[in-house]
Each structure stands twice: as C-alpha cells, then as structure tokens.
Amino acid sequence: MRQTLAGLLLLSTFVARAWAATGQPSHIYGVNLGSWLVLELWMLPQGDKQTNYANCSTCISTESSFAQAYPNTVDATFAQHWSTWFTQSDVNTLQAAGINTVRIPLGYWIVEDLVNRPSESYPRGGLNYLRQGLGWLQDAGIRVILDHHALPGVQTAMQMFTGNCTPDVQFYTPYNYGRALAANEPINDAAQTPDYGTFQENFVQIIRAVELTLGISVPSSNLSLSVPASVSNNFTAALIETSSATIFSAQVQAALLEAVPIIMGIGVTYGLQTIFEASPFKQSGTPLVANFMDVNWQYNNPSNPADVAIGPQAYDDHLYYSSAVCRRPDIIHDQYLHCGEDLPEIQTEAALGNSPLWFGEWSLDTQFNATDAFLYQWADAQKLAYSKGAGWIYWNFKIESSNLTNGTARARQWSYLEGLELGFFTQDPAAFHDPNHFEQHLQQHLEQHLERHLQQHQFKFVELYKQKGPAYYDVLSGADTLEWHWTVQLRSFLIQHCLQTSFASWLETAVTF
C-alpha cells in the first residue's frame, strides 16, 4: 500500500529546507491562493464556458472530471492554468499590499505516486509549479501555509474543492488515511470520521520525523533521534534508518519507509538526485507549525488536535457570516456589522488548547446586495474581529472578472486584490479605515440593550451588581422607592463593565437574566 502520509513527508522535506529557518510573523495578514493547484471553477468560469459550473454534479468542474473527459490533453491544459493563474506579478502585488502569509490549497494528486491510476484520474505536473511558487514567495519574505485541501477518497461530499465532486465519501478509511496529507474541513459530524484522531497523531509524527532526520530539533518534546554518520550524506538512506525508530508509531514507520522510493523518483524527475542521495542534509532551524481545523469544527465527541501536539501547532477556523452566523432574514445591513463583534471561538478554543487560532477563510459575501459603503465597513468589522486571534487569511487573492461573472460583481466580495483596489481594504492590512467606529457603535448598542433589559429584569440586575458593583448598589439602595429606576450611575457602570470584558459577557448578563 502506498501509505503516504509519505506524501506529507515529501512536502515537509521541501518546505523544511526552504522555510523553517525564517521567523513567524507576529500576526497573520494573508490571502488564499485558491483555484490555483486545486480548481474551483466558480472563481474562473471563463475556463469552462461550455458547462454549468454552478452545479458540480452535472458538469466538468473538477480535476478528476476533466482528466476523465480529456485524458490526452489534461496535463497541458492544467499546465497552462497553473502557469498563469498565479505568477511572479501576483507575488509582487501581494508583497506591496503588505500580505505576509499565503495559504496554498493542495490536492493529494500533487504527489503523483499517490494516485491509483487508472481508477483515479488527475492532471500531472503540479509539483513543479508549487516549487516555483514557493521560491517566489520565499524571495518576497511571504510565509506559506500548505493547506491539504483535497484528499484521497474525498473528505466532503459534493464539493469542487475536493477535486472530485461526488456524494461517495471514502476518505475516512485506513487505506485513504494512509495516502492522505492532512484534512481541510473534515465532515462536521465526528461520528462519520472514525479514527480521525489517530490520523492526526500520525500526521504530526511524520512532520517531526522528517525534521529530526534533517537535524532540526523540536522544542517542548522529548523526541530525539540520532542519524548514523554512515548516512549523513544521503537523506533517503537516513530516512530508512528513521523508519525503524520506535519513538514513532508503526503506521508512521511504514509511511517513512514507503516514502523513500517516491522521493527517489521525484529526485529523478526534477533533477534532485544529488540533493536527496549525495549531499549533506543536516541543518539548523526552527520546526514547521503543524495546523489543524479547530476541535469545534466537528461535533459529536470529536478528537482534540491539541492532544497530539509535538512542537509548535496552530489551529484554523473558517467563518463565512453570509452562510452561517448572519444568514437570518432579520440580520441585515447595520446589524450585519456586529455579527462578529465578539468571537467566542477564540476563548473557547484556547480553553481546549487550540491556540493560537487563525481564521483561514472569510470573505465580504452577504445575503443582500451590499453597497460599496457597506463593504467598506464590513471589511473593517471582520478584520477587527479576526485580529483578536492570530490573524486572518482572506478567500481569495483574486477572482475572475468577465461576462460570466457579471464583470466585478463577484470579485468585489471575494477578491482581496479587487477589494483593495475598490478601497474596501486598507493598504496596510493591519490598519482600519475608522478604528473608533466600532467601539463607538458598540457603546451605543450596549446602552440601548442594557436599558431595555434592566427594565425587564431589574431585581436580578440589582442582585448581580450587589457583587460586581457595590458602590453603585449603595447609590440605588438610597433611592426614595424600591423600584430600582435606571440611574446615571448604574448605566455608566454597566457600560464600562461590558466594554472591559467582552460582548459575550454582556450577552450573558443582558439576555440570561
């Protein structure tokens, strides 16, 4: 069985050499390179004019369907796409815009030996373009998150981003776990993802096994590995030695061993034989940051990725307010801006060890026709919310503008570069158009709601603030009657208390009492 986890090992080898020695940004301001190495035709329908790209079940909308329909031209067609959708010019533009991180969605087929041909069909040659892109980004000082977006067997039904739009989900099996790299957006119901926690554990061990073989120490762990001097100039031979290390699970040992011929084959294809088999490979540097969707992405007793951490690890959450939090008919326009004022996810995940937490996908999409003036504020509101965590990564860096997308109608809410040009985003991604707007609006919001709820729950408020605000309770208790009318003193205290804690604390106070 071509167990790979070995594919992850290969990518870890490339990335560890190129990126591990550079420092992490203090805060992530990033974009996704979506529809580059994993196609999503809703972002570039001009490339598929003859099909109904809106319905992935009835059109040629994915790498798999295209490869099956056009087996003789698929590689050339995708080479043309890979070489033009993301270029050095894009890197220059992102660098000038202050972007410090990109997230690159990948399909498992980028490691071609993982594909079971002929039963599985995907384009070949993507690894070459990934290597080229990593070089551009490294030169620009932009950090990279490799996002394993599309997995063998498909991890989520009927989604273009899996590379094979099908209702038949087969990823959550021992065989496909073995071929996988990691999991972007697994099925939300943990009952449908058996042994996913073991997969996460092996995923982390694979990364650390590669780093220890390369001589990169892993902090906050008791893992150690000694590579014999006899193989110090042969990485693949050293990897064979590592595969017998009992500090790793049996599945990881098997993956390491089965990765060696794949790596050697890639060495031949890309002229890397000397690097892999006849060069000193020991290096100093910092380890990679492992990354998982946060524990609350799933429900029904999910495994906690924090439990398998060895060395640095981070967590990802995806919030699209238009399709979840704000998709209520009563939430429109001005109210929309405050759906994300407080993100309990940050505190909730931290309590479960899922920290640092970044927000790896978001957009300016809405469920109504948004004006430019609204999007100007909506961009600020979301940036402010996500900046409370480790940072944000916008979906997407760009979107096609053509007659099939009604000009820029789609791009204005999904393309960071289009939003930047239209003025929705600030040139400095860390800045805001009006940093005081939301603080002032929050105070007004609090005043209105606190007054209403005090009138409704006056006695319970008094009991609460006997504990939290005795000075203000004393003022009230000296009133002429015991009706507990709204006073300036209590009003002021309530507002200040809420602003100093969080919006969630206010909701607990105002709504549950």
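All of these numbers come straight from a predicted model, not from anything done at the bench.

### Focus: the overall build of the chain
Looking only at helices and strands, the chain has 20 helices and seven strands in total. Counting over 513 residues, the chain shows a buried share of 55%. Across the chain, contacts joining residues at least 24 apart in sequence account for 73% of those joining residues at least 6 apart. Taken as a whole, the chain presents about 21500 Å² of accessible surface, with 51% of it coming from carbon and sulfur.

### A look at helix 9 (residues 250-270)
The first and last C-alpha atoms of helix 9 sit 30 Å apart over 21 residues, in line with the 30 Å expected at 1.5 Å per residue. The sharpest bend along helix 9 measures roughly 30° and falls at Val-260, with the proline Pro-261 sitting one to four residues further on.

### Focus on the pairing of strand 1 (residues 28-32)
Burial analysis of strand 1 places five of its five residues in the buried class, which makes it a mostly covered element. Covered by surrounding structure in strand 1 are Ile-28, Gly-30 and Asn-32 together with Tyr-29 and Val-31, the residues of both alternating faces. Bridging between strand 1 and strand 7 (residues 391-394) involves four bridges; their strand directions are parallel. Considered in strand 7, the bridge of Tyr-29 is made with Trp-392. Bridge analysis of strand 1 against strand 2 (residues 101-107) gives three bridges, and the strand direction is parallel. Bridge pairing links Asn-32 to Arg-103 in strand 2.

### A short note on the pattern of salt bridges
Close approach of charged atoms allows side chains of opposite charge to pair. With the rule as written, the count across this model stands at seven salt bridges. In this structure, Arg-124 and Asp-75 form a salt bridge, with 3.8 Å as the shortest nitrogen-oxygen distance. Here Arg-124 is found in the loop between strand 2 and helix 5 (126-140), whereas its partner Asp-75 is found in helix 3 (residues 74-85), with 49 residues between them in sequence. Residues joined in a network through salt bridges with shared partners are Arg-103, Asp-147, Asp-316 and Glu-361.

### Looking at the nonpolar core
Ranked by size, the top nonpolar core spans 107 residues in total, and within it Trp-36, Phe-86, Leu-94, Val-102, Ile-104, Leu-130 and Leu-364 carry the most contacts. Ranked by residues supplied to this core, first place goes to helix 9 with nine residues. Ignoring any residue separated from it by four or fewer positions in sequence, one finds Phe-86 in contact with Leu-33, Trp-36, Val-91, Leu-94, Gly-133, Trp-136, Leu-137 and Phe-397. Within the second largest apolar cluster, six residues are counted, among which are Ile-28, Ile-145, Ala-314 and Trp-358.

The rules we used
- Residues numbered from 1 in each chain as written.
- Predicted model: local features only at pLDDT ≥ 70, side-chain atom pairs only at ≥ 80, totals over all residues.
- Heavy atoms only, no water.
- Helix = DSSP H or I, 4+ residues; strand = E, 2+ residues; numbered from the N terminus.
- Buried < 20%, exposed > 50% of the residue type's maximum accessible area, 1.4 Å probe, protein only.
- Contact = heavy atoms within 4.5 Å.
- Areas by Shrake-Rupley, 256 points an atom, 1.4 Å probe, with all protein chains shown as cover.
- Expected span 1.5 Å × (residues − 1).
- Bend = angle between axes of the 7 residues up to and from the residue.
- Pairing = 2+ DSSP bridges.
- Salt bridge = Lys/Arg side-chain N within 4 Å of Asp/Glu carboxyl O.
- Core = buried A, V, L, I, M, F, W, Y, C linked by side-chain atoms within 4.5 Å.

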